[in-house]
Number of protein chains: 2
Amino acid sequence: MLPTFRSQRGHVTPLLLFLSSLHITSGGKLLVVPMDGSHWLSMQSVMKQLKENGHKIVTVAPEVNLHMKPSDDLYTLKTYPVPFTQEELEEHYQNTVNGIFEELPFLVKVVKVYKMLQTTSNMFFSTCTSLLFNEELMRYIEQSKFDALFIDPMMPCGQIVAEYLGIPSVFFLNGIPCGLDSEALQCPSPPSYVPRRLTTNTDHMTFAQRVKNLLMYMSEFFLCGFFYSPYSSLASQFLQKDMTVVELLSHGSLWLMKADFTFDYPKPLMPNVVAIGGINCAGKKSLTQEFEAIVNASGEHGIVVFSLGSMVSEIPMKKAMEIAAALGTIPQTVLWRYTGEVPSNLANNTRLVKWLPQNDLLAHPKARAFITHAGSHGIYEGICNAVPMVLMPLFGDQMDNAVRMESRGAGVTLNVLEMTSKDLSDALKAVIYDKTYKENIKRLSELHLDRPIHPLDLAVHWVEFVMKHKGAPHLRPAAHDLNWVQYHSIDVIAFLLAVVLIVLYISLECCLFCFRKCGWKKGRLNKKSKSKSQ
Amino acid sequence: MLPTFRSQRGHVTPLLLFLSSLHITSGGKLLVVPMDGSHWLSMQSVMKQLKENGHKIVTVAPEVNLHMKPSDDLYTLKTYPVPFTQEELEEHYQNTVNGIFEELPFLVKVVKVYKMLQTTSNMFFSTCTSLLFNEELMRYIEQSKFDALFIDPMMPCGQIVAEYLGIPSVFFLNGIPCGLDSEALQCPSPPSYVPRRLTTNTDHMTFAQRVKNLLMYMSEFFLCGFFYSPYSSLASQFLQKDMTVVELLSHGSLWLMKADFTFDYPKPLMPNVVAIGGINCAGKKSLTQEFEAIVNASGEHGIVVFSLGSMVSEIPMKKAMEIAAALGTIPQTVLWRYTGEVPSNLANNTRLVKWLPQNDLLAHPKARAFITHAGSHGIYEGICNAVPMVLMPLFGDQMDNAVRMESRGAGVTLNVLEMTSKDLSDALKAVIYDKTYKENIKRLSELHLDRPIHPLDLAVHWVEFVMKHKGAPHLRPAAHDLNWVQYHSIDVIAFLLAVVLIVLYISLECCLFCFRKCGWKKGRLNKKSKSKSQ
């Protein structure tokens, strides 16, 4: 993983250059400012490799969190107090999950979702202020002289720290809501073929879909304002200079984007974006004895893997019974990650487990289908292992993710609230027995895996690059130094139009002048000739 | 170089998949349609590696050419007759080179350059028709069942063949004049910060430079029409369907672009573009005894490498003497690739050679400076080996290339026609003794070489990818399926504006109606009250 040691064809690393870089390629210091949840889980694979390469890693996290636990062999965890308790946090997340399955009138649901999001947003924001105004921790960070920050920019807090310390940062992300990522990258993203989040559009849109896409594009500013605008004020206050969130994020040196064009639709990219989609498929292990036994016992029919993600491990009984009934209609053994009360109609082929090694199970040749909530991690594991999917999106961008897989013929999407037992049963039978689903996902998988370098190596390379070279300013487009009018050449077009108009006006005036002159002469001549004739 | 064998973390290639792909990864068939000149020289490094990987390569070239000679151990050469002779071709190129050094009034020069370009264009076009209408050769190509075409798309002929055969193609290019590459890729290229070719603008432009850039952008359509429009007619005629050059090129599956952001300015890229700038630095060898002796004899002062590219090996005597005088003012040994008459004032430190191993010499620790015509190959060799440059651009995009290096503080640009002996001497002394030039080029070199995979491996991977997967349609943006109005959402904006106007109109009419109604009632009431009071 040491770039300077790599066998670069014909390139012999000068000894001096190698020595000067040694402290970074083998002993750099990295500060990690992560986000809780599944985002954090895949960030760790990069940290693990960086640690193996000899770097020192410090992670800062709120005392109250879901997944960010101390891990002495991987990183030093520095926690800071926040103004809410572990119980409040867990209760909020459980309420959010329960809310998904509540069947309420549309407007009531919208208000409820809005309130949930507001609470989440308030929790994130108070976490951020708790970090920034924790003098002791900030002093420690400042004194530690980190080479770079490794940040999940979904919450722009990490970048405020980077900005404050004046050190470069690497982002690790799926994307940022409301197209803030494209905006901060100055990356063109034409709404005519780049579907906006939450529209469930594909890249091939009808006229009506393009109208919806443009309306979403225009309304994002207001939709996300309530979440991101407080960070603009916070950053401006903390850094003592005016700073919007877009400007703040635009200072990220390198963006490790969990994108891949077997999953995402092709669109423009900027030079400081590195696509590392499928990074979470790395680190495959063999199954434990317990799971190996279950899989082997499934016989020729094989297995179906069923998980609704790290956040949702139990669902209301009514829905669970509907699902259990459907699962009983197929001959495959179903491994269902589920921690709730056991549905009374659970069939013999269904095994409830509190946790399952999802990627390892999907990699098994006996995996026939994957029932997933369509989180990007799960989908990539489905693609890596060429397992067709039944997609049950729950919230956020999962609906968009599901549509992408369905539009590529690699899965069937169901509305988890509206679906019946039969719908699920039909969908499962389709993806298992209709060969086109398997063929499509196999083709996607072959395209995805045929890459010159593994996304994990790519991610580690670019983090080390930023640490070693103190950023990557040569990848930053000059567009950042232009305002909106300049970027769109509106001033230049106005100037050229003015020139054209002035030239036209002067030409016209000249013509008129000549015309008048001639007309006047002619008039005079006419007069003269008339007076003569008289 | 076999992608399926690569140690992809945690990915075990299924045996069946591996076997089915075996005929491509070790025995595919590739048809190469190159361009003559330096373009062809760097294309061969990729072909060499592909040959080593077990692929069969056939190259088609005109019988009359400069560099494309048979090479049985690398490819099978199939030639076709063209309606001009070797003497005519060589004479035309010599005239072109001589034309550069002629000091003529501006307008006379413009006319002369235009005529030269027209002759070049005619030669290219007749070469293309000679290939397409050579029935025997086209039958051979058709029957050979190639997996893919490897094309230099500067001349769109290769893509007409690909289109005719219905097989995918990989492009290998620096760029295509007039921004045809961006257009065919549907890649946004805002003229506010992406400098157009031949403007000598950088990515940071003043208002006047942005005006110049936009004017160039708008005039490219006319500037290049005379060169490319005949190919639209030819393609339409040959393929029996309407086809513009932009549409033709847009069907290229993958674009191997000789770009790197230590040389190019950062700008948007499309997913089917792979940057392989610096690919020509590969394959470095040790110096021959003859050159090793010269370099060693240079002592502590070291050497200066001087070449004006593969096309220009002799220059008018007056200019040669000016240059010779300047070279005599520095203590370094100068190795000058020059085949003309020896200047009488040639100093002892200057060695004239008919050919020099440019990259190997620049790689030597004693290399102090590089005098170059600013062709992209030479510049990349300067960057790879961290040698500061004196740039003497001669034609085409060389002026732009020189400006890029100068704007990064890695070289000094001279106007070869206007420069004096002192100018060259001063420039040489500056890049050799002013440490900032060395520091800047060293930094660029470090950034350029710190990459996760060598550009040659990347190029070979993607050619094999296209051969194996029969193209890369998952990387083709949906923008290609939209027309100009749709792409810019003009129809959607017009529709939304119409809706807004109609709503406003109806609201206004309603208000007026209510107003009239109220006004009328009020009027009537007033009338009534008046009549009552009367």
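Residues numbered from 1 in each chain as written. Chains lettered and ligands numbered in written order. Predicted model: local features only at pLDDT ≥ 70, side-chain atom pairs only at ≥ 80, totals over all residues. Heavy atoms only, no water.

The name given to chain A in an unreviewed UniProt entry is UDP-glucuronosyltransferase, and the organism recorded there is Eublepharis macularius. Of the comments in the UniProt record for chain A, the one headed Catalytic activity (unreviewed entry) reads "glucuronate acceptor + UDP-alpha-D-glucuronate = acceptor beta-D-glucuronoside + UDP + H(+)". (UniProt positions renumbered as here; feature names shortened; annotations may be inferred.)

**Regarding the interface of chain A and chain B**
A common way to express how large an interface is: the accessible area buried when the components associate. At the junction of the two partners, chain A supplies 67 residues and chain B supplies 67 residues. Roughly 6,100 Å² of surface becomes buried between chain A and chain B when both sides are summed, with 63% attributable to carbon and sulfur atoms. Across the chain A-chain B interface, the total number found is four salt bridges. Lys468(A) is paired through a salt bridge with Asp450(B); the nearest N and O atoms lie 3.5 Å apart. The tally of links between chain A and chain B comes to 15 residue pairs in polar contact (both at pLDDT 80 or more). Of all the elements in the fold, those that place two or more residues in the side of chain A that touches chain B are α8 (207-239), α16 (435-449), α17 (455-469), α18 (484-487) and α19 (490-533) of chain A. (Contact = heavy atoms within 4.5 Å. Buried area = accessible area lost by both parts, 1.4 Å probe. Salt bridge = Lys/Arg side-chain N within 4 Å of Asp/Glu carboxyl O. Polar contact = N/O pair within 3.5 Å; in protein donor to acceptor, adjacent residues only side chain to side chain. Helix = DSSP H or I, 4+ residues; strand = E, 2+ residues; numbered from the N terminus.)

**Looking at the relation of the copies chain A and chain B**
In screw terms, the move from chain A to chain B is a rotation of 180 degrees and a rise of 0.0 Å along the axis, fitting with an RMSD of 0.1 Å. Seen this way, the second copy is the image of the first under a two-fold rotation axis. Considering only C-alpha atoms, the part of chain A nearest the rotation axis is Leu269(A), at 2.7 Å. The share of interface residues of chain A whose copies in chain B are also at the interface is 100%, consistent with both copies meeting through the same surface. (Least-squares fit on C-alpha atoms with pLDDT ≥ 70 in both.)

**With respect to the pairing of strand β9 (residues 333-337) of chain B**
Residues and elements named next belong to chain B. β9 sits mainly inside the fold: five of its five residues count as buried. Neither face of β9 is left uncovered, since the one carrying Thr333, Leu335 and Arg337 and the one carrying Val334 and Trp336 both have all their residues buried. Judged from the four bridges that link them, strand β8 (residues 303-307) and β9 form a sheet pairing that is parallel. Counterpart to Ile303 in the pairing with β9 is Thr333. At this point the chain moves from β8, through helix α11 (residues 317-327), to the parallel β9, and the crossover so formed is right-handed. In this structure, β9 lies alongside strand β10 (residues 350-353), joined through four bridges in parallel fashion. (Buried < 20%, exposed > 50% of the residue type's maximum accessible area, 1.4 Å probe, protein only. Pairing = 2+ DSSP bridges. Right-handed = clockwise from strand over helix to strand, strands pointing away.)

**Examining the packing of helix α13 (residues 376-384) of chain B against helix α16 (residues 435-449) of chain B**
All names here are of chain B. Between α13 and α16, the shortest axis-to-axis distance is 7 Å and the interhelical angle comes to 95 degrees. Between α13 and α16, the crossing angle belongs to the class labelled roughly perpendicular. Here Tyr380, Gly382, Ile383 and Cys384 of α13 lie close against α16, whose contacting residues are Ile441, Leu444, Ser445, His448 and Leu449. (Axes fitted to C-alpha atoms, helices over the stretch in contact; angles between N-to-C directions. Parallel < 35°, antiparallel > 145°, perpendicular 65-115°, else oblique.)

**Observations concerning a negative patch on the surface**
On the surface, Glu87(A), Glu88(A), Glu90(A) and Glu91(A) cluster together to form a negatively charged patch. Accessibility expressed as a relative area gives 41% for Glu90(A), which makes it partly exposed. (Patch = residues over 30% accessible without salt bridge, like charges linked within 9 Å, V, L, I, M, F, W, Y side chains within 5 Å. Areas by Shrake-Rupley, 256 points an atom, 1.4 Å probe, with all protein chains shown as cover. Lys, Arg positive; Asp, Glu negative; His and termini not counted. Charge placed at Lys NZ, Arg CZ, Asp CG, Glu CD.)

**Comments concerning the packing of aromatic side chains**
Under the counting rule described, the total for this entry stands at 32 aromatic pairs over all chains. Measuring from centroid to centroid gives 4.9 Å for Tyr164(A) and Phe238(A), while their planes differ by 50 degrees, and the two rings are tilted. Note that Tyr164(A) is positioned in helix α6 (residues 157-165) and Phe238(A) in helix α8, a separation of 74 residues in sequence. Classification of Phe238(A) by relative accessible area gives buried; the value is 14%. Judged by centre distance (5.7 Å) and plane angle (65 degrees), the rings of Phe150(B) and Phe172(B) are edge-to-face. Of the two residues, Phe150(B) sits in strand β4 (residues 148-151) while Phe172(B) sits in strand β5 (residues 169-173), which places them 22 residues apart along the sequence. Judged by relative accessible area, which is 0%, Phe150(B) ranks as buried. The exposure class of Phe172(B) is buried, given its relative accessible area of 1%. Of the aromatic side chains, those joined through ring pairs into one cluster are Phe124(A), Phe125(A), Phe227(A), Tyr228(A) and Tyr231(A). Over the ring of Tyr140(A) we find Lys78(A); its NZ or CZ atom is 4.3 Å from the centre of that ring. (Phe/Tyr/Trp six-rings, centres within 6.5 Å; stacked < 30°, edge-to-face > 60°. Lys NZ or Arg CZ within 6 Å of the ring centre and 35° of its normal.)

**Here's the deal with helix α4 (residues 106-132) of chain A**
Between its first and last C-alpha, α4(A) extends 39 Å over 27 residues, near the 39 Å set by a 1.5 Å rise per residue. Of all the residues in α4(A), the buried ones are Lys109(A), Met116(A), Thr120(A), Ser121(A), Met123(A), Phe124(A), Ser126(A), Thr127(A), Cys128(A), Ser130(A), Leu131(A) and Leu132(A). (Expected span 1.5 Å × (residues − 1).)

**Quick look at the pattern of salt bridges**
Residue and element names in this part refer to chain A. All told, the structure shown has 18 salt bridges over all chains when counted by the stated rule. A salt bridge links Arg197 to Asp397, with the nearest nitrogen and oxygen atoms 3.2 Å apart. Of this pair, Arg197 sits in the loop between α7 (180-185) and α8 while Asp397 sits in the loop between β12 (389-391) and α14 (398-407), placing them 200 residues apart in sequence. Classification of Arg197 as partly exposed rests on a relative accessible area of 27%. With relative accessibility at 22%, the residue Asp397 sits in the partly exposed group.

**Some points on the UniProt feature "transmembrane region" (unreviewed entry) in chain A**
Feature annotation in UniProt assigns "transmembrane region" (unreviewed entry) to the following positions: residues 492-515 of chain A. With 100% helix and 0% strand, residues 492-515 of chain A has its two end C-alpha atoms placed 34 Å apart.

**Focus on the state of the cysteines**
Chemically, a disulfide is nothing more than a covalent bond linking the sulfur atoms of two cysteines. A complete count under the given rule lists six disulfides over all chains for this structure. Here Cys178(B) engages in a disulfide with Cys224(B); their sulfurs sit 1.4 Å apart. Handedness of the Cys178(B)-Cys224(B) disulfide follows from its S-S torsion of about 60 degrees: it is right-handed. Here Cys224(B) lies in helix α8 (residues 207-239) and Cys178(B) lies in the loop between β5 and α7 (180-185), a separation of 46 residues in the sequence. With respect to burial, Cys178(B) and Cys224(B) carry one shared label: buried. Each disulfide of chain A joins two cysteines, and with those cysteines numbered along the sequence the arrangement is 1-2, 3-4, 5-6. Lacking any disulfide linkage, Cys514(A) is separated from the closest cysteine sulfur, that of Cys518(A), by 6.3 Å. (Disulfide = S-S within 2.5 Å.)

**Details of a nonpolar patch on the surface**
A cluster of nonpolar side chains, Phe207(A), Phe495(B), Val499(B) and Val503(B), forms an exposed patch at the surface whose accessible area comes to about 320 Å². It is helix α19 (residues 490-533) of chain B that contributes the most residues to the nonpolar patch, three residues altogether.

**Overview of unusual backbone geometry**
Residue and element names in this part refer to chain A. A positive phi angle, close to 55 degrees, is found at Thr200, a residue other than glycine. By the secondary structure assignment, Thr200 is in the loop between α7 and α8. Residue class for Thr200 comes out partly exposed when judged on its relative accessible area of 30%.

**Section: the side chain of Asn201(A)**
Residue and element names in this part refer to chain A. The topology assignment puts Asn201 in the loop between α7 and α8. A distance of 3.3 Å separates polar atoms of two side chains, one belonging to Asn201 and the other to Asn213. Not counting the four nearest positions on each side in its chain, Asn201 is found in contact with Pro195, Gln209, Lys212, Asn213, Tyr265 and Asp400.

**Concerning the sheet that holds β12(A)**
Whenever strands of a sheet pair, they do so through backbone hydrogen bonds, lying parallel or antiparallel. Residue and element names in this part refer to chain A. An order of β10-β9-β8-β11-β12-β13 is seen for the six strands of this open sheet, with the pairing classed as parallel. Each of the sheet's edge strands pairs with one partner strand only, and the pair in question is β10 (350-353) and β13 (411-413). Across the sheet, the mean angle from the axis of one strand to that of its neighbour is 15 degrees, orientation sign disregarded. In the sheet, β12 pairs with β13 via three bridges, with the strands oriented parallel. Bridge pairing in β13 places Leu391 opposite Thr413. In this fold helix α11 (residues 317-327) packs onto β8 (303-307), β9 (333-337), β10 and β11 (367-372), with an angle of close to 160 degrees to the strand it touches most, β9.

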